[in-house]
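# Chains, contacts and geometry: an overview
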Amino acid sequence: MVKVKKKLSLVMWLLCLFLVFGYPLHLFSQDNDAKVVRGQVFNELTREALSDVAVKIETYPATEPRVIASTYTDYSGRFSFEEIRDSEVSIKFEHADFETFKKVISLTDGRRVYDIKVFMKPDKPVDLEVVVIEERKTEKKPYMSTIASSREIEQKAVSDVGEYLRSMPNVGGIRRGGANIDPVVRGFKFSQINVVIDGAQGVEGGCPNRMDPATSRVEAEDVERIEVYKGPYALRFGTGLGGTINLVTKKPQVTNTPQVSARGLRGYESNPNGHKEHFSVRGSNAHLYAQFSGSRWNYGNYRDGEGNFIKSAFTKNNYGGIIGGQYNNLYEFSLSMRRSYHEVLFPALPMDEVDDVSLLTFGEFNYTPHGQYFEKLSIKAYQSDIHHIMDNKNRPFSDTVATVSDVKALTSGIKAEAFFNVFSGSLIAGIDYQNRQKDGLRTKNFIMQPMAPVKLEDLWNNAVIDNYAAYLEYSRNFENYDIIFAARYDHNQAKSDTINLDNMMGVSIMKIPDTESTLNNFSFSGGVTRHFGDLSVSLAAGRVSRSPDMLERFIILLPVGFDPYDYMGNPQLEPEINNQADLTFRYNNPVIGPLELNFFYAHVENFIYGRLLPRTVQEPFTIGVLGVKEFYNADIVNITGFEIAHRTPENYDFGLALTASYAHATISEVTHYIREGNQVVETEQIKNDPLNEIPPFEASLDVFYRLFNNKLTPTVGVRFVNDQNRVSKAMYESKTPGYTLLSARLAYQHNSFVSIHTGVNNIFDIHYYDHLNRRMVGTPQKIYEPGRNFFVNLIFNL
Amino acid sequence: MKNKLIYKILALSALLLIILVSCEKETEKRKIDYEITRSVTGFSVNYLDKNGTLTKKDVEVNSAKDIWRYSFTAEPRSIVFVSASYKDINSSINVKIKVDGKVYKQASTRYDTTMYVTVSGVVPEI
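None of these values were measured; they are calculated from a predicted model.

Right, let's get into the overall build of chain A. Helix and strand counts for chain A stand at four helices and 45 strands. Here chain A has a C-alpha radius of gyration of 27 Å; the compact-globule value for 798 residues is 28 Å, and the two agree. Principal-axis analysis of the C-alpha atoms gives chain A an extent of 90 × 60 × 45 Å. Evaluated residue by residue, chain A yields a buried proportion of 58% over its 798 residues. Contacts spanning at least 24 positions in sequence make up 67% of the contacts within chain A whose residues lie at least 6 apart. When the accessible surface of chain A is split by element, carbon and sulfur atoms take 56% of a total near 31700 Å².

Next comes the structure, spelled out in structure tokens:
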């Protein structure tokens, strides 16, 4: 093990040396006065951006055209070639649902950057060459956002969306089992992060211990792109205190002539021994489209780096469909549903997910007149229906008390947005209503007692949260700077039926008399970006209020925290408020590629935390816990940190992607409950205690080389994670050693029909765990991550 | 054109395979036996039956060699429970749960009429 670590340290040093000395030389060796050709591709019929269009740039004129470079459009239809030396080139656009065409562009008018906009008309072999040369127009917001396309996701071995999110800078994840990793953004977690599907749909999970975070409700293969907006600024989507994650699902489009296409994915991972299959069939004509898709995951227990099996097996079966249409280029509608069946083992929780059934429905209507002032009206309605059953039957203590919990959670909502072109900018005005309902029952079977008595306990008792919101977002681009402002008002009402618990004798042992609360929250954010040629500097600031969630308000005595205490909800909690500022430097040079550097500072008021109730007030309910904590609004939490991201230009054969991130979080004053054995014996006040579950410094580097006109791309990746020695004393958090991992991938695009992605993660079989991983039940040891894992994803398109 | 056709056939075959592979097989049930022996005169027994209902019976036996048995099939992870007591101070009892013919759990007492002998658990998965 020591030898392997030494080898990895050597690899890291060599990479550092390369970055300091070799890489700049490499960049200058590729430096020249070359032109940049970039642009965006749209569906001419729907005016929507077209992703996955194969774009090739070739020499012209030539009897035998030579491909200079090739790429694919990203989720926003964009492409870029950044080192073009020729004076005249031909660009070829190819997509399975559109006719292939070429456009010749002359690069001789002295400009360095050529922006083109392409509108592809489906199935019509003529009039396709609508090319518009446009001025540069930035669409970057003044705060950090990370966006991953489906193409990037399917190149990796990911068991769920949460696992992929962990590869993004300053996004971590809490592992409790083999799947359903719970995202942490810059140290913010749970309801401090706003997770939405298709820009609107919220999901209230069933499990109080977050076996099923909202990100687990959409499979990675159904995702068109993942958008992560860091900071509290994206108020259109809701009040994400620390960040917003928007999962945009795949959706077909109308086509001029009837078309049918299909897509299949077959994946295998060696550790765990896991198979996954996903398929979709879609059809469309000039007015209607439909898609049916299904997937199945069957993963076994994985092995850690020392060969120990972790009981983490899971199966997931999903199917869904979408129908939609368009009329007169003005009206568009779609209706979709997605049904899922999950069974997941969670060795770091007291229970496993044994039967989780969800039904997500979503409807959307768009009216797009493209008027001088009125651009678009969008209405979205949704419902997320979750039925979650979990039990402790795989735990040793089920021999004494076999417990089954049954939770139903329903989230319904509607959101309407109008888009205007006014005051020389863009204005979005929206209203948003969401209703969350939750009810849960725990059945305890005392099977070591002669009459096997059964006891029923409420986890939630018909809890309901209604949220009414209205918001505005205004943005405008000036010659050298861009501005954006947003404001949001949330009226939040919560109530629950009586919160009461009786003991075996029928005597009340817990009662919360007042379960109703109403909160009015005002949130604001704003930002400005100043452009200095290739460099831009952005400053964003915001003050955002978040209402407490179902758990914080209404949970009835369960060990749902990081520390060993039963937790009790508090319906009278005040909103948590984040005051945050982000300073971002972006340098986008065609030779060097994009480079981003961000610093952030968050000052959180009314931070929701737990405080111990005296045993005379409340006895714990769970065996082995130290007592009962009630959620309350604690003191101030300060979180600071930085992020760095760099990627070489897309047209370089040799390239790299580098990210580094760090977050530092402190709670200003907190009580430490000193324990002896299973008893709290004393308390002490701690000032500036590190906040628990904050990821340590992390850096990752991917080095790749594009071969055979992008057909074959080998990639080697290194991920370095530092020790985490800043740990919470109040939460009894333990330090975590750092680690370095090496991985390798190979992406092969045979043609537009077949592609293969294969690789190996954790090549040296390192035995490690992440700082955010939870402890295995019954042990002080955190759950280890998988050891070496070979994977392959085979993708068919037709 | 020919290539395109080949790819389509290949892809459709793969999709068909995926759909066929995706067909779930049913969970295999396991045979459960509750057995009580060594009682000289008789005993009272409480057990969870095949429907998960708690059932109570008074059983009379002729000798300690008599075996009281209740058998059924159950899904893995179902709760199994049997608890018995006797009134004859000269007696003893052995309570057993078998899964697929093999002893899963058992317990015994001798000359103790005050305690119930309880054997319970969760049907293990194969």
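All names here are of chain A. Considered domain by domain, chain A is made up of domain 1 (1-31), domain 2 (32-133) and domain 3 (145-797). Computed from C-alpha coordinates alone, the two centres of domain 2 and domain 3 are separated by 36 Å. Across the boundary between the two partners, domain 2 contributes 28 residues, which contact 26 residues of domain 3. Taken together, both faces of the contact between domain 2 and domain 3 bury some 2400 Å²; the carbon and sulfur share is 42%. Summed over the shared surface of domain 2 and domain 3, the number is zero salt bridges. Viewed at the interface, domain 3 and domain 2 are joined by one residue pair in polar contact (both at pLDDT 80 or more). Residue assignment for the side of domain 2 that touches domain 3 shows that the elements contributing at least two residues are β1 (35-43), β3 (67-72) and β4 (78-84). Of the residues forming the side of domain 2 that touches domain 3, the biggest block, five residues, is contributed by β3. Within the side of domain 2 that touches domain 3, the residues separate by chemical class into eleven nonpolar, seven polar and ten charged.

Enumeration according to the criterion identifies 46 salt bridges over all chains in this entry. Salt-bridge contacts for D563(A) lead to K629(A); the nearest nitrogen and oxygen are separated by 2.5 Å. One end of the pair, D563(A), is in the loop between α4 (550-554) and β33 (566-568); the other, K629(A), is in strand β37 (residues 628-633), with 66 residues separating them in the sequence. Of the residues examined, K629(A) reaches a relative accessible area of 2% and is grouped as buried. Here K98(B) makes a salt bridge to E35(B), at a shortest N to O gap of 3.4 Å. With K98(B) in strand β6 (residues 92-99) and E35(B) in strand β1 (residues 30-37), this pair connects stretches of sequence that are 63 residues apart. No difference in accessibility class separates K98(B) from E35(B), as the two residues are buried.

Conventions and cut-offs
- Per chain, the residues get numbers from 1 upward, laid out in the order the sequence is written.
- Lettering of chains starts at A and numbering of ligands starts at 1, both following the order in which they are written.
- It should be noted that, the model being predicted, local features are given only for residues of pLDDT at least 70 and side-chain atom pairs only at 80 or more, the latter also being counted only at that level, while totals for whole chains, interfaces and linings use all residues.
- Each side-chain value is derived from all of the structure's non-hydrogen atoms; neither hydrogens nor water enter the calculation.
- Every helix listed is a DSSP run of H or I at least four residues long, and every strand listed is a run of E at least two residues long, numbered separately from the N terminus.
- Note on method: radius of gyration uses C-alpha positions; expected globular size equals 2.2 Å times residues raised to 0.38.
- Burial here depends on accessible area, computed with a 1.4 Å probe over protein chains only, as a share of the maximum for the residue type. Under 20% is buried, over 50% is exposed, and the range in between is partly exposed.
- Two residues form a contact once any of their heavy atoms are found within 4.5 Å.
- Only the protein chains shown count as covering a residue, and every accessible area follows the Shrake-Rupley method with a 1.4 Å probe.
- Domain delimitation in this document rests on an assignment produced automatically or drawn from a domain database.
- Buried area adds together the accessible area that both of two parts lose upon being put together, with accessible area traced by a 1.4 Å probe.
- By definition here, a salt bridge exists when the distance from a side-chain nitrogen of Lys or Arg to a carboxyl oxygen of Asp or Glu is within 4 Å.
- Here a polar contact means two N or O atoms within 3.5 Å. Within protein one must be a hydrogen donor candidate and the other an acceptor candidate, and residues neighboring in sequence count only if both atoms are side-chain atoms.
- In the scheme used here, Gly and all other residues not listed as nonpolar or charged are polar, with Ala, Val, Leu, Ile, Met, Phe, Trp, Tyr, Cys and Pro taken as nonpolar and Asp, Glu, Lys and Arg as charged.

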